[in-house]
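Structural description and commentary
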Amino acid sequence: MTFSAADIRFMRTAMKLAERGKYTAAPNPLVGCVIVSAENQIIGQGWHQAFGGPHAEVEAFESIAMDDQAALTQSTWYVTLEPCNHVGKTPACAALIERIRPKRVVIGTRDSNPEVAGGGIDCLREAGIQVEVGCLANELAWQNRRFFWNANEKRPWVVLKWAESIDGFMDGRPREQRLPGSGGFPITSETSQALTHDWRALEQGIAVGAGTAIIDSPQLNVRSVDAPSPQIVLLDPDGRVPSHHPLFQRNIDLIHVVGDDSDKNASRGLSWQVEEGLDVLLERLFSQHHLSSLLVEGGAAVLNDFLNQGTWNEIKRWTSPVPTDGGLSAPRFPERTVPLPYGQASSGKLGADSWENRLHPRHLFD
Ligand SMILES: [Zn+2]
């Protein structure tokens, strides 16, 4: 299927709209929709803003001015993801489009959700609407990488994140100074905060090990970006974190991962033992807590476990130009990674610090 330059342009607009849901749509996919008249004028546009909220197609339809309603029968709809044909929290979008009977519907990617999978497309075609599928499909698969990974692998998309000094340490203090409650050791400068908080806001969960929780007592929230904070996942299989720890006080929705399910600290516990492996932990976080993505912030031991078990999708690493001359060794950056696709920067600088964002070699988007 080849698409015209106009098709690609309108689908790109829909993709940009979809991106606006990046902090709030999960675990739902990012979806954008543009409705175009026979004269190639955009008459409606919308995107999926929040889990449980109206779908992009409904938002786009409702944005149409009274004067433009008559143009609907000759319109083309550009939707980044196959319209749903099941009634979930909202009525099915395929039914809405079928009722309006536009001339043509251009779809970016098929939905791999078994409740939809091709059904939305069939439903529109059976209604006699011209449907074309696959416009900007690869780029849209990248945009919705968390959603498609969830659907195919039944686990969250995992992003490993850490900051290290130019000489490879995550914490410049000697072991005897890394005491409970002593706080985090700043590696990067304040300037890096905005991007670090954006990285947090993009993922639905944020994981931290018991050691880091006890020593650094991090807040793990989003402060520099106007977005909700991710749900904290405290990895505490040996039950080391005391019940009065501030993380429990501040985060009522914290997921406390403990070796047995006798946890009384958190309203939401999850039972997992180290010997079961991280694959099992991820499957449980997805099936029991519907986490579509997880940012792993540390400490070094936890990050090394994810690296060694290959249970990661992306790495985001800060490097500061200042040496610490010793301390806690940073994880070893994997030898084989791939850059981000479609012209997205895989490295950059903010102030004196530099960052890298690379993908697991299994992810070749092209
Ligand atoms: Zn829908």
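Criteria and thresholds
All residue numbers here refer to positions counted from 1 along the written sequence of the relevant chain. For this predicted model, a pLDDT threshold of at least 70 governs which residues receive local features, and a threshold of 80 or more governs which side-chain atom pairs are given and counted, while totals over whole chains, interfaces and linings are taken from all residues. As a convention, hydrogens and water are excluded, and side-chain values are obtained from all of the structure's heavy atoms. Put simply, DSSP marks the helices as runs of H or I at least four residues long and the strands as runs of E at least two long, and each gets a number from the N terminus on. Computation of the radius of gyration draws on C-alpha atoms alone. For the globule rule, the value is 2.2 Å times the number of residues to the power 0.38. Residue contacts are defined here by distance: any two heavy atoms, one from each residue, within 4.5 Å place the two residues in contact. Accessible surface area values rest on a Shrake-Rupley calculation with a 1.4 Å probe, where residue burial reflects the displayed protein chains alone. Charge counting follows a simple rule: Lys and Arg are positive, Asp and Glu are negative, and His as well as the terminal groups are ignored. By convention, the point assigned to a charge is CZ for Arg, NZ for Lys, CD for Glu and CG for Asp. Strands pair, by our definition, only if DSSP identifies at least two bridges between them. The angle between two axes is taken between their N-to-C directions and runs from 0 to 180 degrees, where each axis is a line fitted to C-alpha atoms and a helix contributes only its stretch in contact. The donor set comprises N, O and S atoms within 2.8 Å of the metal, extended to 3.2 Å for Na, K and Ca; water molecules are omitted, so apparent gaps in a site may simply reflect that omission. Exposure classes here rest on a 1.4 Å probe applied to the protein chains alone. A residue is buried below 20% of its type maximum, exposed above 50%, and partly exposed in between. Angle categories are assigned with fixed cut-offs, so that under 35 degrees is roughly parallel, over 145 is roughly antiparallel, 65 to 115 is roughly perpendicular, and the rest are oblique. Each crossing gets its handedness from the near helix: less than a right angle anticlockwise from the far helix is left-handed, clockwise is right-handed. Residues are sorted three ways: Asp, Glu, Lys and Arg are charged, Ala, Val, Leu, Ile, Met, Phe, Trp, Tyr, Cys and Pro are nonpolar, and all the rest, Gly among them, are polar. What counts as a domain boundary in this text is fixed by an automatic or database domain assignment. Buried area is understood as the total, over both parts, of accessible area removed when two parts are fitted together, assessed with a 1.4 Å probe. Throughout this description, the term salt bridge denotes a Lys or Arg side-chain nitrogen within 4 Å of a carboxyl oxygen of Asp or Glu. The definition of a polar contact used here is a pair of N or O atoms within 3.5 Å, where within protein one atom must be able to donate a hydrogen and the other to accept one, and adjacent residues in sequence count solely through side-chain atom pairs. Within this scheme, the nonpolar core is defined by two criteria: the residues are buried Ala, Val, Leu, Ile, Met, Phe, Trp, Tyr or Cys, and they are joined through side-chain atoms within 4.5 Å.

**Re the overall build of the chain**
- Scanning the chain for helices and strands turns up eleven helices and 17 strands.
- The globule rule puts the C-alpha radius of gyration for 366 residues at 21 Å, and the 23 Å found for the chain is close to it.
- For the chain, the spread of C-alpha atoms along the principal axes amounts to about 75 × 45 × 35 Å.
- For the chain, the share of sequence-separated contacts (at least 6 apart) that also reach a separation of at least 24 residues comes to 70%.
- Surface summary for the chain: the accessible area is close to 16600 Å², and the carbon and sulfur share equals 49%.
- Seen as two clouds, the 34 positive and the 44 negative side-chain charges of the chain have centres 2 Å apart.

**Side note on the sheet that holds strand β4 (residues 104-109)**
- Reading across from one edge, β2-β1-β3-β4-β5 is the order of the five strands in this open sheet, with mixed pairing throughout. The sheet is open, and its two edges are formed by β2 (42-47) and β5 (130-133), each paired on a single side. On average, each strand axis in the sheet is tilted by 15° relative to the strand beside it, whichever way the strands run.
- As paired strands, β4 and β5 are joined by four bridges and run parallel to one another. Across the sheet, residue I107 finds its bridge partner in β5, namely V133.
- Packing of helix α1 (residues 5-19) onto the sheet brings it into contact with β1 (32-36), β2, β3 (76-81) and β4, and relative to β1 it is tilted by some 140°.
- Across the sheet, helix α4 (residues 119-126) touches β4 and β5, and the angle it forms with β5 is around 150°.

**Side note on the coordination of the zinc ion**
- Those donors, H55 (ND1), C84 (SG) and C93 (SG), are the protein atoms that reach the zinc ion, and they lie 2.0 to 2.3 Å from it.
- When the donors of the zinc ion are listed by position in the chain, the intervening gaps give H-x28-C-x8-C. A residue pair is termed long-range when its members are at least 10 positions apart, and H55 in the loop between β2 and α2 (56-62) and C93 in helix α3 (residues 93-100) qualify at 38 residues.
- Residue H55 is classed as partly exposed on the basis of its relative accessible area of 22%.
- Accessibility expressed as a relative area gives 1% for C93, which makes it buried.

**Remarks on the packing of α3 against α4**
- Where α3 meets α4, the axes come as close as 9 Å, and the angle between the chain directions of the two elements is 15°. Between α3 and α4, the angle falls in the class roughly parallel. When you trace α3 past α4, the crossing you get is right-handed. In this structure, α3 uses A94, I97 and E98 to contact α4, whose residues at the interface are G120, C123 and L124.
- Of the residues in the contact of α3 with α4, the class split is four nonpolar, one polar and one charged.

**A short note on the domain arrangement of the chain**
- Once the domains are mapped, the chain shows domain 1 (5-149) and domain 2 (155-359).
- On a C-alpha basis, the centroid separation for the pair domain 1 and domain 2 is 35 Å.
- In this assembly, eleven residues from domain 1 lie in contact with 22 residues from domain 2.
- Both sides together, the interface formed by domain 1 and domain 2 hides about 1500 Å², and carbon and sulfur atoms give 62% of it.
- In terms of surface lost to domain 2, no three residues of domain 1 exceed Y23, W142 and R146, which account for 51% of the buried area on that side.
- Between domain 1 and domain 2 we count two salt bridges in total.
- A salt bridge links R146 to E203; its shortest N-O distance comes to 2.8 Å.
- For the pair domain 1 and domain 2, the interface holds five residue pairs in polar contact (both at pLDDT 80 or more).
- Where the side of domain 1 that touches domain 2 is concerned, the elements lending two or more residues are α5 (137-143) and α6 (145-153).

**As for the pairing of β3**
- Buried residues dominate β3, accounting for six of its six residues.
- By the bridge criterion, four bridges tie β1 to β3 in an arrangement that is antiparallel. Residue V36 lies in a different strand from β3, and its bridge partner there is T76.
- As paired strands, β3 and β4 are joined by five bridges and run parallel to one another. Along β4, the bridge assignment pairs V79 with I107.

**Some thoughts on the environment of C33**
- In this fold, C33 is placed in strand β1.
- A relative accessible area of 0% places C33 in the buried class.
- In this structure, the C-alpha to C-alpha distance between C33 and L72, residues 39 residues apart in sequence, is 14 Å.
- Excluding anything up to four places from it in sequence, C33 contacts A14, L17, G44, Q45, G46, A56, E57, A60, W77, Y78 and V79.

**Structural notes on the nonpolar core**
- C33, I35, W77, V105 and L124 are the most contacted members of the largest nonpolar core, which totals 30 residues.
- Among the elements of the structure, β1, α2, β3, α3, β4, α4, β5 and α6 are those that each provide at least two residues to this core.
- The dominant element in this core, judged by the number of residues it contributes, is α3, at five residues.
- By size, the runner-up hydrophobic cluster in this structure holds 27 residues, among which are L160, L270, A300 and L307.

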